[in-house]
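# Working through the structure, step by step
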Amino acid sequence: MSDFPRWRYFLVAIVLVAGILYALPNVYAPLQAVQVSSSQSEPLDPTVQQKVISALQSAKIPYVNESVRHDASRGDYMVIGFANGDQQKSAADALKPVLGDKYTVAFNLESTVPRWLSAIGGRAMPLGLDLQGGVRFLMAVDQSDIIDRQENRYTQDIAALLKDKKIPFISVARAATAGQGVNVVLSSSADRSAASDAIATEYTDLGVTDGASTGDRFVLNAVIKPDKLHDIQTNAIRQNLATLSNRINALGVSEPVIQVQGEDHISVELAGVQDPAEAKKVIGATATLEYVAGIGDARDPAVQDAVRTGNIPPDAHLYYGRQGEPYLVSKNIIASGDELVDASSGNDSQSGSPSVNVTLNSAGAAKMLDFTRDNVGKPMAVVYVETTTDTKVVDGKEVHTPKTTYSVINYATIQGVFSNKFQTTGLASTKAASELALMLKGGSLAARMDIVQEGVIGPSLGQDNIDKGFKAVLLGLALVLLAAAIYYKLFGLVADVALFFNLVILVAVMSMVGVTLTMPGIAGIVLTLGMAIDSNVLICERVREELRNGSTPLAAIRAGYEKAWATILDANVTHLIAALALTTMGSGPIKGFGVTLLIGILTSMFTSVTVTHAITALIHGGRKLKTLSV
Amino acid sequence: MEIFNHNANVHFLGLRKISIGVAVLLVIASIVLLATRSLNYGLDFTGGVAVEAIYDNPVSVEDVRNALDKGGVDNAVVQSVGGTRHVAIRFQPKDDKHYVAQEGKSPNLDLMTNDVAKALQAARPDAKIASKSYVGPQVGAELRSDGVTAAIFVIIGIGVYLWIRFERRFAIAALATEVHDVLVTLGVISLFRREFDMTVLASVLAVIGYSINDKVVVFDRIRELFRSARKADPEEILNRSINSTLSRTIITSLFTGIAMAALYFFGGPTVHGFAITMLIGIVVGTLSSIFVASPILLWLGVSKKDLMPVTRENPELARRP
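- With an unreviewed UniProt entry as reference, chain B is termed Protein-export membrane protein SecF, source organism Dyella monticola.
- UniProt, in its Function (unreviewed entry) section for chain B, records the words "Part of the Sec protein translocase complex. Interacts with the SecYEG preprotein conducting channel. SecDF uses the proton motive force (PMF) to complete protein translocation after the ATP-dependent function of SecA."
- We quote the UniProt Subcellular location (unreviewed entry) comment for chain B here in full: "Cell membrane".

- If you look chain A up in an unreviewed UniProt entry, it shows as Protein translocase subunit SecD from Dyella monticola.
- Here chain A is described in UniProt, under the heading Function (unreviewed entry), as follows: "Part of the Sec protein translocase complex. Interacts with the SecYEG preprotein conducting channel. SecDF uses the proton motive force (PMF) to complete protein translocation after the ATP-dependent function of SecA."
- Regarding chain A, the UniProt comment filed under Subunit (unreviewed entry) reads as follows: "Forms a complex with SecF. Part of the essential Sec protein translocation apparatus which comprises SecA, SecYEG and auxiliary proteins SecDF-YajC and YidC."

Next comes the structure, spelled out in structure tokens:
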């Protein structure tokens, strides 16, 4: 006889094996590595690799030989592994001057998980900042700034629209309080209804209502519809996120974590970075675009002359492109980035080549129309202007030096007359098109952000935390195992096996889901281990009770599991509700703890009921028993 | 091995006037404590600057405080974390032009940390800054309200579940005991001026989960005994339920306590607050499972007929979860 069907043995065996496999990657400690990538779009060639290796050899920094690799499939960079963090740091210091500006040298953790294991999807849990050191920022997106920008834009657009439709008006201005929309003052009620119709059809995002009218002043109020406003805010945060990602990638941090937190916060975690100043500089940068008339590109003798002699025509600027090629462009700006409404990449409907579609607002469109009317066939350039602020402490005082860099991100010939919507075609690849669209759109932040939280955790503190956390988990586990074995003898040992597997499966699930391991997460693991034993205590106590009531050993096991199950389920569901609430808490550390607890409750229900039942049935099934060791 | 005499039938409910009296007193004392001296909120909630410093040789908290006073960092809270060489320093940034970056509203963490490092190193050159962090005041306020929301969500969610799975009176008794557990745990934290930070908040929410687990086990037994008993005197049934789950209640608490003690002693300073809070919560939750939850249930007037399965056709089905 067996109360335990065969398919369940099978299930238990499969889960245990899978658990071991997917928990395994965490055993392989990642290698401290330095990542070298090219900051221009030229590929990393073997000469660079040679340069890196000779630099390390001359600086006498030992590196892990087999880790040096340049895997084109994973992006254009090479990775060099080191035995410890000190070597990693001195290697980065040694490489930076050798490689110069063209290459970015960044800290990285290189996984040492065997190939076959990663092939089946095995990966180690990423470590939180508190376990590996780094910088964390939390930024609040300024909501009122979003509203300001939108209302200012609509004010201009409505004025232009009314002029366009030849509806006479007295004034178009923003309401006194932000968020109250745009007030249009007209001189007759007929004009007002005409304006109202025009605005409502042209700008569907606006809700138009009639305001108070005094004498010959007829007021019309246009407010951004609440659901649209919400969309705009969400988009603004998304755009800020994209901009930040762009900028932080330029920093050369290997795996930045940039995510939205709550309604209007963005958190940035940069592992391995120890100096937040550089990161802050990049985050705080403001960027904008300028559309200007092009005068010549690198093939033009005038440009070559300007580069050689430094004599730049008085009406021009000499700027460089992203590959370092020179351009001469006019000083007169046609349109600027704040007049750009949208940019998206796509394919040109005629040639099928990758393109970028740009939409300008009415003010920008008017200027663009004027310019293109006279300049078809001539070049136009897009200049990316970035302003960063260098902050240095001189004699205890902060000195801010703004630094502006200009680069030409696109240089193309004007094919026709256009105004608010136009296309840039002839781009090299789809990737280039989407990059340009992102640069155009994401060049500047959609709304201002303030740093509301900032933390730096030293690398030694991180290692210290890992060691302590590991010790706490192992000792907590060992003590609970010992106590259970002493108190419940054989049944205790069975529970111990299950508890051990609970840890394994918990780690496996956390790795598969990709939960970032943090100190609160480790606390959650220890707590889960302490509480997971509860189900076994319930079962063992039940079995004991049944034995006392005169049941035979096998009947006692069966009744014990059956009766305890209802209790275990109730107790765990209530507990799950609590864990669920913890995961909804916006912030990082609590969430990590809650997720750990949530997974732990689920895995413990499986291990302490199903796994122990399987083992107990294996031990006791098919035998005549006089006593139970419980 | 058995610690508890399984035939013991301690008359816990006979003590109900005393036990409930003590519970009410504890709750009132906790509320008074929380109202008068509040919680020692950590950086996560108050906002401000926190710096952790590690010394090569042992240092006393008093020396660190003096060094900071001399260096012009006023009103800093200095705590020793894990051993004698590691201190945490917490203070509110001064409302000073010098510290505030030009464009944003956030103060410059690097400058403030520099000042702290200078002050510490002036007294002891072996001081090193291990970590620094800044939290804006509004973040803390949001967190606090998030925490309260989460706690309310937990309590209501559990209440609804118990109402459906058991009966109204069980839900009320569990929630009343739950509120008692949370308040008393917070009261103890307030009494000993333990720092209340994010991990402690997480721990308090975990205490809710842990202690409800305990109550549900007893309630489950009460329901079972009511259903199986022919003559059901509520007081006797409740008492028998507490006694027959007593061993489990205490053993589980002991085992969880052991794990938390390991976390406290070996897990390092970042999880001290978590482990301690959990330990307090385990003690409070265990005691209230034995002495508080059932008397409330008795007073609410639980009886056999409230608990009989509704599905008459198949009583076996109804017993199953």
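## Remarks on the overall build of chain B
- Across its full length, chain B carries 12 helices and six strands.
- Relative to the 2.2 N^0.38 estimate, which gives 20 Å for 321 residues, the radius of gyration of chain B is 25 Å and therefore markedly larger than a compact globule would have.
- When the 321 residues of chain B are sorted by exposure, 48% land in the buried category.
- Of the contacts formed within chain B by residues at least 6 apart in sequence, a portion of 76% connects residues at least 24 apart.

## Focus: the sheet that holds strand 2 (residues 48-55) of chain B
- Strands sit in the order 10(A)-11(A)-5(A)-20(A)-5(B)-2(B)-4(B)-3(B) across an open sheet of eight strands; the sheet is antiparallel. The two strands at the open ends of the sheet, each matched to only one other strand, are strand 10 (257-261) of chain A together with strand 3 (77-80) of chain B. Each strand axis lies, on average, 20° off the axis of its neighbour in the sheet, ignoring direction.

## Concerning the UniProt feature "transmembrane region" (unreviewed entry) in chain B
Residues and elements named next belong to chain B.
- Per the UniProt annotation, the sites labelled "transmembrane region" (unreviewed entry) are residues 18-36, 147-164, 249-267 and 273-302.
- End-to-end, the C-alpha atoms of residues 18-36 are 27 Å apart, and along that stretch the chain is 100% helix and 0% strand.
- Annotated as 100% helix and 0% strand, the span residues 147-164 places its first and last C-alpha atoms 26 Å apart.

## A look at the interface of chain B and chain A
- Listed per partner, the contact involves 62 residues of chain B and 67 residues of chain A.
- In terms of residue class, the side of chain B that touches chain A is made up of 35 nonpolar, 19 polar and eight charged.
- Relative to strand 5 (residues 127-135) of chain B, strand 20 (residues 449-457) of chain A runs antiparallel, the two being bridged by five bridges. When the bridges of strand 5 of chain B are listed, E454 of chain A appears paired with Y134 of chain B.

Rules and cut-offs
Residues numbered from 1 in each chain as written. Chains lettered and ligands numbered in written order. Predicted model: local features only at pLDDT ≥ 70, side-chain atom pairs only at ≥ 80, totals over all residues. UniProt positions renumbered as here; feature names shortened; annotations may be inferred. Helix = DSSP H or I, 4+ residues; strand = E, 2+ residues; numbered from the N terminus. Rg over C-alpha atoms; globule rule 2.2 N^0.38 Å. Buried ≥ 20, exposed ≤ 12 C-beta atoms within 10 Å, placed from the backbone. Contact = placed C-beta atoms within 7 Å. Pairing = 2+ DSSP bridges. Axes fitted to C-alpha atoms, helices over the stretch in contact; angles between N-to-C directions. Nonpolar A, V, L, I, M, F, W, Y, C, P; charged D, E, K, R; others polar.

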